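Structural features, examined
One letter stands for each residue in the lines below.
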Amino acid sequence: MTPVARRDITSTHRIGLHPVVVTATTERPAARPLLTSPDLRVIRADEVGPGDLIVSAFQPAPPGHLRRSDYFTYGPYPAAPAPYDPTCGCGVCGLPEVEGPQGTVILSTGFPWDSCDPWPADEPVLVLPNLLRRVPARGARD
């Protein structure tokens, strides 16, 4: 019997993996269908765009461990990014925990709270992207 080289009996296939592994569900029934969307993405806070649906933040994790999702008790909310102003007076901007080493971004102002929603720019955010924002305008050419 002639030995078969390993490369002759295996094949490589490119597959797309979901960027999120859901191991628990949220108490918010309205948010549950979002967790199965193939369009969910984990991106940096400074990459969140207008109309992206912010689904979850992430808890800090020790080195070598995966970060766990930290579901919002009020459910997902749409992003409305705005410039960061630590002196705006909302009561949240200017707090040390919202200022990151790579800057700070505002993901919404006034919704779902009566204050800004500042995040360290490099913090991961689970979002359902606003797909309409990514569609070229009618008649646009490459």
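Treat the numbers as computed from the prediction; the structure is a model and nothing was measured.

**What about the overall build of the chain?**
Secondary structure assignment for the chain yields one helix and seven strands. The linear arrangement of helices and strands in the chain, starting from the amino end, is α-β-β-β-β-β-β-β. Every one of the 142 residues in the chain was classed for burial, and the buried ones make up 30%. A fraction of 57% describes how many contacts in the chain between residues 6 or more apart in sequence connect residues 24 or more apart. Approximately 9900 Å² of the chain is accessible, and the part contributed by carbon and sulfur atoms is 56%.

**Some thoughts on the pattern of salt bridges**
Per the stated rule, a full pass over the model turns up one salt bridge. In this structure, Asp46 and Arg44 form a salt bridge, with 2.8 Å as the shortest nitrogen-oxygen distance.

**Some details on the pairing of strand β2 (residues 53-58)**
Taken across its six residues, β2 has five buried, putting it largely inside the fold. In this structure, β2 lies alongside strand β4 (residues 77-78), joined through two bridges in antiparallel fashion. If you follow Leu53 over to β4, its bridge partner there is Pro78. Relative to strand β7 (residues 124-128), β2 runs antiparallel, the two sharing three bridges. Of the residues in β7, the one forming a bridge with Ile54 is Val127.

**Description of the state of the cysteines**
In this structure the tally under the stated criterion is zero disulfides. Cys90 carries a free sulfur, and the closest cysteine sulfur to it, the one in Cys88, is 3.6 Å from it. Look at Cys90 and you get partly exposed, because its relative accessible area is 24%. Here Cys116 stays unpaired: no disulfide links it, and the sulfur of Cys88, its closest cysteine neighbor, is 3.8 Å away. Residue Cys116 is classed as buried on the basis of its relative accessible area, which comes to 14%.

**Remarks on the confidence of the model for the chain**
Of the residues in the chain, 66% have a pLDDT of 70 or more, and the chain-wide mean is 76. For the chain, the element scoring lowest by mean pLDDT is helix α1 (residues 6-9), at 48; strand β5 (residues 104-109) scores highest, at 92. The model gives residues 6-13 a pLDDT under 50, and that stretch makes one contact with residues more than four places away or in other chains.

**Considerations on the environment of Ser108**
With respect to the helices, strands and loops of the structure, Ser108 is situated in strand β5. We classify Ser108 as buried; its relative accessible area is 2%. On a C-alpha basis, the gap between Ser108 and Trp119 in space is 10.0 Å, while along the polypeptide they are eleven residues apart. For Ser108, the contacting residues outside a window of four places in its chain are Tyr77, Pro78, Ala80, Trp113, Ser115, Cys116 and Asp117.

Parameters at a glance
- Residues numbered from 1 in each chain as written.
- Predicted model: local features only at pLDDT ≥ 70, side-chain atom pairs only at ≥ 80, totals over all residues.
- Heavy atoms only, no water.
- Helix = DSSP H or I, 4+ residues; strand = E, 2+ residues; numbered from the N terminus.
- Buried < 20%, exposed > 50% of the residue type's maximum accessible area, 1.4 Å probe, protein only.
- Contact = heavy atoms within 4.5 Å.
- Areas by Shrake-Rupley, 256 points an atom, 1.4 Å probe, with all protein chains shown as cover.
- Salt bridge = Lys/Arg side-chain N within 4 Å of Asp/Glu carboxyl O.
- Pairing = 2+ DSSP bridges.
- Disulfide = S-S within 2.5 Å.
- pLDDT = per-residue confidence, 0-100.

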